[in-house]
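Fold and contact review
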Amino acid sequence: QFDALEEPSNAIVIDAAATPDVIVERIVRQLSLVVRVHVLADVDALSAQAAAAAVDIINAAVAAHGRCSLALSGGETPRGMYRLLGTQFRAQVPWAQVHVFWGDDRYVPADHPESNYRMARETLLDHVPCPASNIHAMPTHLSPAADAAAMYEKVLREFFGDGDGPAFDLNILGIGEDGHTASVFPGTPAVDEQERWVVAAHTDATPQWRLTLTLSALCRSTNIYFLVAGATKASALRHALAADSDPHVYPAAGIRPTTGTVVWWVDSASAQSRRG
Ligand code: 6PG
């Protein structure tokens, strides 16, 4: 009869070798989290769908509490979505009520080619009427980087209050081939940090120092969108979606908010190995 069994498409996968208490904890955590995975043909298609869905979240947040807190990611994948928010969807967003933050940035000047802030300005913020006072860039001019991280955490605590983390209405994230997200890299302190919301990070994987929200802080977001494209991300995506992945090895797997929604916008090339 096992041959006749069809593998369910949305089952929670738990390693039966784990101890009973770990098995129960993993099941409960998975049951309370809403995770959706949308597989689109290519990065243009996922960018369009993610942008359209983001417009709804932004408007719902403004309707509910008069403002929307939007955290942006860096890298290449989100560029298409940002451009669409600043063009095709520009008129559908109440930009005066949108506050823009970053989940991470490279510790470089704001006009540096590697700056996530510069990328967001070029693709989106220079094209929409978002007030300058609503744009909360990470301070990469303070030295050392740890002081810049502490300064940004102060900005977040002033905006969100001193609760248990920055509850962004929408947090856009990516994933690296090594499973990192934001600038939380495998085996770094930002994986386990529970007190600080923002830390300075450095690994051999990147030439620059980084400023990043910790996994714990990222998990406080109400809605999280991952944008993933390309066959090179297939392994990282598979591990990030597996319930029993170790966040120390695949940090993106640690994005398991206790409440809220995580939506994966992925292209077919990155989703390939999910059927494998
Ligand atoms: C960064 C991002 C980082 C990015 C991934 C994926 O500062 O680079 O925050 O986490 O999302 O590295 O980058 P790509 O979209 O370029 O593949």
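Residues numbered from 1 in each chain as written. Predicted model: local features only at pLDDT ≥ 70, side-chain atom pairs only at ≥ 80, totals over all residues. Heavy atoms only, no water.

Read across the open sheet, the three strands follow the order β4-β7-β6; overall the sheet is antiparallel. Each edge of the sheet is formed by a strand with only one pairing partner; in this case those strands are β4 (104-106) and β6 (198-201). In this sheet, neighbouring strand axes are inclined to one another by 15° on average, regardless of whether the strands run parallel or antiparallel. Pairing of β4 with strand β7 (residues 210-213), which is carried by three bridges, proceeds in the antiparallel orientation. Looking at β7, one finds that Asp-104 is bridged to Thr-212. (Pairing = 2+ DSSP bridges. Helix = DSSP H or I, 4+ residues; strand = E, 2+ residues; numbered from the N terminus. Axes fitted to C-alpha atoms, helices over the stretch in contact; angles between N-to-C directions.)

Further remarks concern the pairing of strand β3 (residues 98-102). Where burial is concerned, most of β3 is hidden: five out of the five residues are buried. Burial along β3 is two-sided: Val-98, Val-100 and Trp-102 and His-99 and Phe-101, pointing in opposite directions, are all buried. Relative to β3, strand β2 (residues 68-72) runs parallel, the two being bridged by five bridges. Note that in β3 the partner of Leu-70 across the bridge is Val-100. The parallel pair β2 and β3, bridged by helix α3 (residues 79-85), forms a crossover whose chirality is right-handed. (Buried < 20%, exposed > 50% of the residue type's maximum accessible area, 1.4 Å probe, protein only. Right-handed = clockwise from strand over helix to strand, strands pointing away.)

Now for helix α2 (residues 43-65). Taking 1.5 Å of rise per residue, 23 residues should cover 33 Å, and α2 covers 32 Å from first to last C-alpha, within 8% of that figure. Within α2 the residues assigned to the buried category are Leu-46, Ser-47, Ala-50, Ala-51, Ala-53, Ala-54, Val-55, Ile-57, Ile-58, Ala-61 and Val-62. The N-terminus of α2 is capped by Asp-42, whose side-chain oxygen sits 3.2 Å from the backbone nitrogen of Asp-44. (Expected span 1.5 Å × (residues − 1). Polar contact = N/O pair within 3.5 Å; in protein donor to acceptor, adjacent residues only side chain to side chain.)

The next thing to look at is the side chain of Asn-134. One can find Asn-134 in the loop between α4 (116-123) and α5 (145-160). Residue Asn-134 is classed as buried on the basis of its relative accessible area of 6%. For Asn-134, the side chain forms a polar contact with the main-chain oxygen of Val-98, separated by 2.9 Å. Those residues in contact with Asn-134 that sit more than four places away from it in its chain are Trp-95, Ala-96, Gln-97, Val-98, His-99 and Val-100. (Contact = heavy atoms within 4.5 Å.)

Before going further, it helps to examine the site of the ligand. The ligand sits among 15 residues. The nearest are Thr-77, Asp-104, Arg-106, Ala-182 and Lys-233. A distance of 2.6 Å separates an oxygen atom of the ligand from a polar atom in the side chain of Thr-77. Asp-104 places a polar side-chain atom, nitrogen or oxygen, 2.7 Å from an oxygen atom of the ligand. Taken together, the residues of the shell around the ligand sort by class into two nonpolar, eight polar and five charged. (Near = heavy atom within 4 Å. Nonpolar A, V, L, I, M, F, W, Y, C, P; charged D, E, K, R; others polar.)

What follows deals with the nonpolar core. Ranked by internal contacts, the top residues of the largest apolar core, which has 77 residues, are Trp-102 and Tyr-225. Ranked by residues supplied to this core, first place goes to α2 with 10 residues. Discounting chain neighbours no more than four positions away, the residues touching Trp-102 are Leu-72, Asn-116, Tyr-117, Ala-120, Leu-125, Ile-135, His-136, Ala-137, Met-138, Tyr-152 and Leu-213. (Core = buried A, V, L, I, M, F, W, Y, C linked by side-chain atoms within 4.5 Å.)

For the rest of this paragraph, the subject is the environment of Val-263. Tracing the sequence through the fold places Val-263 in strand β9 (residues 261-267). Given a relative accessible area of 5%, Val-263 falls into the buried group. Between the C-alpha atom of Val-263 and that of Val-37, which follows or precedes it by 226 residues, the distance is 5.8 Å. Setting aside anything within four residues of it in sequence, one finds Val-263 in contact with Arg-36, His-38, Ile-224, Tyr-225 and Phe-226.

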